[in-house]
Amino acid sequence: MAAPTPDEIVKQFTAYYQPIIDLNTGGVAGFEALARVFASDGSVTTAGAVIEEIEGQSDTLKALMWAILQSIRRDMVPLFEQHQDFYVSVNIPPVILGSGQVLQIVEEMKLRPYLSRIVCEVTERQALTSVGRAALERARQSGMSVAIDDFGTGHSGLMQIVGLDFDILKIDHSLIENILTNQTAARMLRGIVALAAALRLHTVAEGVENWEEAFFLRAAGVDCGQVWFWSKAVAAQDAARVLEEGYPPSRRVSG
């Protein structure tokens, strides 16, 4: 089956938004914009398989970023105007970010006034390549904050991470899932939090599945949590509601 063309990508993709929760207040600190695909029956599905098909195709990846940023422009900018204290993060392929193509899209969509509310996510593995480093520098120059995603899945030395210029450290689920049962995992988590604090980085724990994990992470000093304990990725209208209402006490760990 032939890979979709750029025009087909723009029509096929949209964004859903996964809440990122402040562990101290229970409020919504931000959302991660995740690519979703319109299926032929009108339903919306995850985009992993399609993204794998187009990986490495610069024009098609640019079209994907166009579709996602177009969704952010439509869905999130009105909320930016109403609420001052949340951000939207989006995973941007370094090859697209580093080339300046994303900034072209930003200008065309008149998103520049909101760049301080948009966080560029780059995975740990991507960030340590020459292309990734150039992309981080370009994001910084544009006014976007930078998050290192999937931290803990690569094989980098800490000094390589220390040498990067970024704002948010997203701790991968693989480092979270054993913190309640494995003392070494718990100590590693606390060590990562201490490193992030020393570097003045904001921390987000990915893949939080239950109240016990959320409580441990808050006690360890992690700033925010994301994923199933609070919510799956939601459509734009539900993101607006979540931002307004927050989460019930059963989904909060403050106190």
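One can find the structure itself at the top, above this paragraph.
All of these numbers come straight from a predicted model, not from anything done at the bench.

Asks: Just give me the short version of the nonpolar core, but keep the residues and values in it.
Replies: Core analysis: the largest hydrophobic core is formed by 74 residues, its most contacted members being Y17, I72, M76, L189 and L217. Looking at which element gives the most residues to this core, the answer is helix 3 (residues 58–75), with seven residues. Leaving out residues up to four positions away in the same chain, Y17 has contacts with F31, E32, A33, S71, I72, D75, M76, K232, A233, V234, A236 and A239. Within the second largest apolar cluster, eight residues are counted, among which are I20, A29, V119 and I168.

Asks: How would you summarise the environment of L97 if you had to cite specific residues and measurements?
Replies: Within the secondary structure, L97 is located in helix 5 (residues 94–98). A relative accessible area of 0% places L97 in the buried class. With 38 residues separating them along the chain, L97 and A135 place their C-alpha atoms 5.3 Å apart. When sequence neighbours within four positions are dropped, the list of residues in contact with L97 reads I92, V102, C120, A135, R138, A139 and M144.

Asks: For the pattern of salt bridges, give the residues involved together with the corresponding values.
Replies: Applying the stated criterion across every chain yields a total of nine salt bridges. The salt bridge partner of E107 is R112, with a shortest N-O separation of 2.4 Å. Among the residues examined, E107 registers a relative accessible area of 42% and is labelled partly exposed. Measuring nitrogen to oxygen at the nearest pair gives 3.8 Å for the salt bridge that ties R241 to E245. Of this pair, R241 and E245 are both found in helix 12 (residues 236–245), four residues apart, which corresponds to roughly one turn of the helix. Of the residues examined, R241 reaches a relative accessible area of 39% and is grouped as partly exposed. Taken together, the salt bridges that share partners define one network made up of E32, E121, K170 and E206.

Asks: Please set out the pairing of strand 4 (residues 87–91) residue by residue, giving values where relevant.
Replies: Burial runs high along strand 4: four of the five residues are buried. Alignment of strand 4 against strand 5 (residues 118–123), held across four bridges, turns out to be parallel. Directly across from V90, in strand 5, lies its bridge partner C120.

Asks: Would you mind going over the packing of aromatic side chains in detail, with residue names and values included?
Replies: With the rule as written, the count across this model stands at five aromatic pairs. For the pair F80 and F86, a centre-to-centre distance of 5.1 Å together with 40° between the ring planes defines the contact as tilted. We note that F80, like F86, is buried. Their ring planes at 25° and their centres at 5.0 Å tell us that W211 and F215 sit as a pair that is stacked.

Cut-offs and rules
- Residues numbered from 1 in each chain as written.
- Predicted model: local features only at pLDDT ≥ 70, side-chain atom pairs only at ≥ 80, totals over all residues.
- Heavy atoms only, no water.
- Core = buried A, V, L, I, M, F, W, Y, C linked by side-chain atoms within 4.5 Å.
- Buried < 20%, exposed > 50% of the residue type's maximum accessible area, 1.4 Å probe, protein only.
- Helix = DSSP H or I, 4+ residues; strand = E, 2+ residues; numbered from the N terminus.
- Contact = heavy atoms within 4.5 Å.
- Salt bridge = Lys/Arg side-chain N within 4 Å of Asp/Glu carboxyl O.
- Pairing = 2+ DSSP bridges.
- Phe/Tyr/Trp six-rings, centres within 6.5 Å; stacked < 30°, edge-to-face > 60°.

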